[in-house]
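What the coordinates show
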Amino acid sequence: DVKVTQSSRYLVKRTGEKVFLECVQDMDHENMFWYRQDPGLGLRLIYFSYDVKMKEKGDIPEGYSVSREKKERFSLILESASTNQTSMYLCASSLLASGGRSSYNEQFFGPGTRLTVL
Amino acid sequence: SQQGEEDPQALSIQEGENATMNCSYKTSINNLQWYRQNSGRGLVHLILIRSNEREKHSGRLRVTLDTSKKSSSLLITASRAADTASYFCATDRYSTLTFGKGTMLLVSP
């Protein structure tokens, strides 16, 4: 079974802190994704990566950065946490489909990190 | 954006009844996927239907796709209390998926 793990289930940080959220997958997937989920807004894509050291902006990248130094690990970084970044953060991974169409394949999600910024 | 929109937002039924959730989207797609999320957890993939398919089954799940109406439905037959969760449809963009806001399903014993 594919396993996607996230470093913390719950995290409480202070405004202005630098926050690292880690995600690791064990199935050699090329693609990895970071989403945030907020009530009434659904899942929104922050960043994704389809290869080591590659990253692409999603729909809401402002205030975030990412790092993918190894294939199995994708980190989300909040450079200076703010209260409006309080949210559930979900990591996912998937295989790269032929022709580069990553969305042909299902995504496997981690359990989520509920981040509260005070 | 070709975000899928689920309908209804919330659904409450009794065990043993069928549950139907609908998804509408705006632009052409290559596939549509359904996911389930138990409270406070990550999403779990349920089923994928490609644009050239009209219906697909998996256990108690039945998914239909009508590309002319840009809509899909997810039917859960003989529902159980364990089916209580949020259900999301996701439509594909070239390299990512766009998720709807979900339908919250409550199945009472």
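One structure accompanies this document, and this report is about it. All values reported here derive from a predicted model rather than from experimental measurement.

A few words on the overall build of chain B. Scanning chain B from N- to C-terminus turns up zero helices and 11 strands. Listed by position from the N terminus, the elements making up chain B come as β-β-β-β-β-β-β-β-β-β-β. Relative to the 2.2 N^0.38 estimate, which gives 13 Å for 109 residues, the radius of gyration of chain B is 13 Å and therefore close to what a compact globule would have. Seen along its three principal axes, the alpha-carbon backbone of chain B occupies a region of about 40 × 25 × 20 Å. For chain B, the residues scored as buried account for 47% of the 109 residues in total. Contacts in chain B between residues at least 24 apart in sequence constitute 54% of all its contacts with a sequence separation of at least 6.

Summed over the entire model, instances satisfying the criterion amount to two disulfides over all chains. The disulfide that involves C23(A) links it to C91(A), with 1.8 Å between the sulfurs. Of note, the bridge from C23(A) to C91(A) carries an S-S torsion of about -75 degrees and is left-handed in sense. With C23(A) in strand β3 (residues 19–25) and C91(A) in strand β9 (residues 87–94), the pair connects residues that are 68 residues apart, well separated along the chain. For C23(A), a relative accessible area of 0% puts it in the buried group. C91(A) gets classed as buried once you look at its relative accessible area, which sits at 0%. The disulfide partner of C23(B) is C89(B), and the gap between their sulfur atoms is 2.1 Å. One disulfide, between C23(B) and C89(B), carries an S-S torsion of 65 degrees and so falls in the right-handed class. Of this pair, C23(B) sits in strand β3 (residues 19–24) while C89(B) sits in strand β9 (residues 85–92); the two residues are 66 residues apart in sequence, bridging distant segments of the chain.

Time to look at the environment of T27(B). Relative to the elements of secondary structure, T27(B) occurs in the loop between β3 and β4 (31–37). Classification of T27(B) as partly exposed rests on a relative accessible area of 34%.

Residue and element names in this part refer to chain B. Spatial ordering of the open sheet is given by β1-β3-β8-β7-β6, a layout of five strands whose pairing is antiparallel. Sheet topology places β1 (5–7) and β6 (55–58) at the edges, where each strand pairs with a single neighbour. Taking the axes of each pair of neighbouring strands and ignoring which way they run, one obtains an average angle of 20 degrees across the sheet. Summarising the sheet, β1 and β3 pair through three bridges and their orientation is antiparallel. Paired with D7 across the two strands is N22, which belongs to β3.

To continue, consider the interface of chain A and chain B. Size of an interface, as often reported, equals the accessible area lost when the parts are brought together. Counting residues at the interface gives 26 residues for chain A, matched by 22 residues for chain B. Summing the contributions of chain A and of chain B, the shared interface buries around 2000 Å²; its carbon and sulfur component is 48%. Taken together, the connections running from chain A to chain B amount to zero salt bridges. Put simply, the parts of the chain that give the side of chain A that touches chain B at least two residues each are β4 (31–38), β5 (42–49) and β9 of chain A. Ranked by residues supplied to the side of chain A that touches chain B, first place goes to β5(A) with four residues.

Turning next to unusual backbone geometry. Omega for the bond connecting D7(B) with P8(B) falls within 30 degrees of zero, at 0 degrees, which places this linkage in the cis form. Position of P8(B) relative to the elements: it lies in the loop between β1 and β2 (10–14). Positive phi values are uncommon outside glycine, yet K53(A) reaches one of about 65 degrees. Following the sequence through the fold, K53(A) ends up in the loop between β5 and β6 (56–57). K53(A) gets classed as exposed once you look at its relative accessible area, which sits at 58%. Phi is positive for A78(B), close to 45 degrees, though the residue is something other than glycine.

Criteria and cut-off values
- Residues numbered from 1 in each chain as written.
- Chains lettered and ligands numbered in written order.
- Predicted model: local features only at pLDDT ≥ 70, side-chain atom pairs only at ≥ 80, totals over all residues.
- Heavy atoms only, no water.
- Helix = DSSP H or I, 4+ residues; strand = E, 2+ residues; numbered from the N terminus.
- Rg over C-alpha atoms; globule rule 2.2 N^0.38 Å.
- Buried < 20%, exposed > 50% of the residue type's maximum accessible area, 1.4 Å probe, protein only.
- Contact = heavy atoms within 4.5 Å.
- Disulfide = S-S within 2.5 Å.
- Pairing = 2+ DSSP bridges.
- Axes fitted to C-alpha atoms, helices over the stretch in contact; angles between N-to-C directions.
- Buried area = accessible area lost by both parts, 1.4 Å probe.
- Salt bridge = Lys/Arg side-chain N within 4 Å of Asp/Glu carboxyl O.

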